[in-house]
Amino acid sequence: MLEVRDLKKSLGDLAVLRGVSLKMEKGDVTAIIGPSGGGKTTLLRCINFLEMADSGTLVFDGQSYNLAAIGKKDIAAIRRKTGFVFQSFNLFSNKTALQNVTEGLIIARKMPKAQANGIAMEALRQVGLSDRADHYPSQLSGGQQQRVAIARALATQPDIIYFDEPTSALDPELIGEVLSVMRDLASAGMTMLVVTHEMRFAREVSNHVIFMADGGIVEEGPSRQFFADPREERTKAFLRTISAEK
Amino acid sequence: MTERVWNILVESFPKILLPGLKMTLPLTAIAFALAMVIAIVVALIQFAHIRVLSQICRFYIWVIRGTPLLVQLFVVFYGFRAGMVMSPFWAAVLVFAVNEGAYCAETMRGALEGVPAGQIEAGYCVGMSYTQIMRRIVLPQALRTAFPSLSNGLISMVKDTSLTANITVTEMFMATQRINARYYEPLALYMEVAVIYLLFSTLLTWLQRLGEKRLSALGGKEARHA
């Protein structure tokens, strides 16, 4: 359902992405791991057009798009079918948790308010925050804010949700609640592309792992095989440093 | 205080207050409302980095902030003879709106830039358009941030309207000058008009507090600590 072909992106002289390709089927949970500055986040941002790629092709829902020269209408159409969860939550601070979730339904999709509220309450229930619907983001913990952000992405019934290091900005004790929501989503069959530093999540929840470094994919494979038997030296070294930290 | 002075003060009070209610307050209210429109438009143009228009806005702010309000009043009223086509009152409204608009535009621009860019990206990601994001997410937060500074501008404007006496607007200060010309009690009379200005400012300060309370009830106060 999602395919990226030869995505390239440079910032000045620095090649951030040097021709990245990946493919996902419906229901896939793909984890992108790798050292900071490897281009993981930029990849995610380019396929949701928060940044423009220099070249590359996106195949989404059977349609092929030129990533470097896509029109506003196509961007809007693709975004209506995708969800995005940010590292720093990015909730609308002037809206309550419920309004954060309904905004995209009522304003962008012109859905009647009552219907939107129903969907939003269901989404909040899914992330375990029905009782926080009327709270403003500032009245929520980081973990709760991120769960509202997930509900916001979920409510639009996207074909895929992109997660950009969803637990990196959280205090250690709050990471678990967010990961458990993501785990539930995965087992419910949601297609997810997750940039993460959480090796346990990559190992246990995702079915496919991509290891990125220096703007390219070093190694990828089914997660069990990837962790049990990494082929590349670079991957082995990375996994060693990670496990040494833990 | 002699009885004569006291009588002058009592007799002149309504004669000063009335032009205050008929001129000073309407002038301030209309000019400030227009200034807000100008400020929001100018700030949005700059925020969106619209090429040529942004430069025009920069030029406008540079000229207006770099020249005295009194000089601007004289240029428009005596220089361009605005009095030929409009009353002194409307000439004053024009100058005050354009003047205050420049200051408020800078306040608004700063407030717009203070809204985390991530919220704009999040808006895009849930399918909202730029206009929808600005209207529903960014502007409300920016207005809340800018509210105290904008209120400051409003309170200053009430007092600055006294400058319009120089272009023959019969507001409170000119009324006081006229009464003083008859009785020559400058200390008492100018103190009296000062007190009325103080009353107006106090009223506005009180309204500002009320407004801030209202805004923070909408999640604004806590949001600033987030």
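Before reading further, recall that the structure is shown in the block above.
The rules behind each value
Residues numbered from 1 in each chain as written. Chains lettered and ligands numbered in written order. Predicted model: local features only at pLDDT ≥ 70, side-chain atom pairs only at ≥ 80, totals over all residues. Heavy atoms only, no water. Axes fitted to C-alpha atoms, helices over the stretch in contact; angles between N-to-C directions. Helix = DSSP H or I, 4+ residues; strand = E, 2+ residues; numbered from the N terminus. Parallel < 35°, antiparallel > 145°, perpendicular 65-115°, else oblique. Left-handed = near helix turned anticlockwise from the far one by under 90°. Contact = heavy atoms within 4.5 Å. Nonpolar A, V, L, I, M, F, W, Y, C, P; charged D, E, K, R; others polar. Buried < 20%, exposed > 50% of the residue type's maximum accessible area, 1.4 Å probe, protein only. Lys, Arg positive; Asp, Glu negative; His and termini not counted. Salt bridge = Lys/Arg side-chain N within 4 Å of Asp/Glu carboxyl O. Polar contact = N/O pair within 3.5 Å; in protein donor to acceptor, adjacent residues only side chain to side chain. Pairing = 2+ DSSP bridges.

Peer 1: How do you make sense of the packing of helix α7 (residues 172–183) of chain B against helix α8 (residues 186–217) of chain B when you look at a structure like this?
Peer 2: The description of two packed helices rests on the angle between their axes and on the distance between the axes. Residues and elements named next belong to chain B. At a closest axis distance of 10 Å, the pairing of α7 and α8 adopts a crossing angle of 160 degrees. What the angle tells us is that α7 and α8 run roughly antiparallel. In terms of crossing hand, the pair formed by α7 and α8 is right-handed. Along its contact with α7, which presents M172, F173, T176, Q177, I179 and N180, the element α8 presents P186, L189, Y190, V193, I196, Y197 and F200. Class assignment for the residues of the contact of α7 with α8 results in ten nonpolar, three polar and no charged.

Peer 1: I keep staring at the side chain of A:E219 and nothing clicks. Help me out?
Peer 2: All names here are of chain A. Tracing the backbone shows E219 in strand β10 (residues 216–222). There is no salt bridge for the buried E219, and the closest opposite charge comes from R231, which lies 4.0 Å off by N-O distance. At 2.8 Å, the side chain of E219 forms a polar contact with the backbone nitrogen of R231. Of the polar contacts made by the side chain of E219, one reaches the side chain of T235; its length is 2.7 Å.

Peer 1: For this particular structure, what's the right way to read the environment of A:M1?
Peer 2: All names here are of chain A. Relative to the elements of secondary structure, M1 occurs in the segment before β1 (2–11). Given a relative accessible area of 21%, M1 falls into the partly exposed group. Placed 190 residues apart in sequence, M1 and T191 show a C-alpha to C-alpha distance of 9.4 Å. Residues contacting M1, with those up to four places away along its chain left out, are M24, E25, K26, V59, F60, D61, D159, I160 and T191.

Peer 1: I would appreciate a short explanation of the pairing of β1(A) in the present structure.
Peer 2: Here is the key point about a regular strand: its side chains alternate between the two faces of the sheet. All names here are of chain A. In the sheet, β1 pairs with strand β2 (residues 14–24) via eight bridges, with the strands oriented antiparallel. Following the sheet pairing, L2 is matched in β2 by M24. Connecting β1 to the next strand, β2, in antiparallel fashion are two residues, including G12 with a positive phi near 65 degrees.

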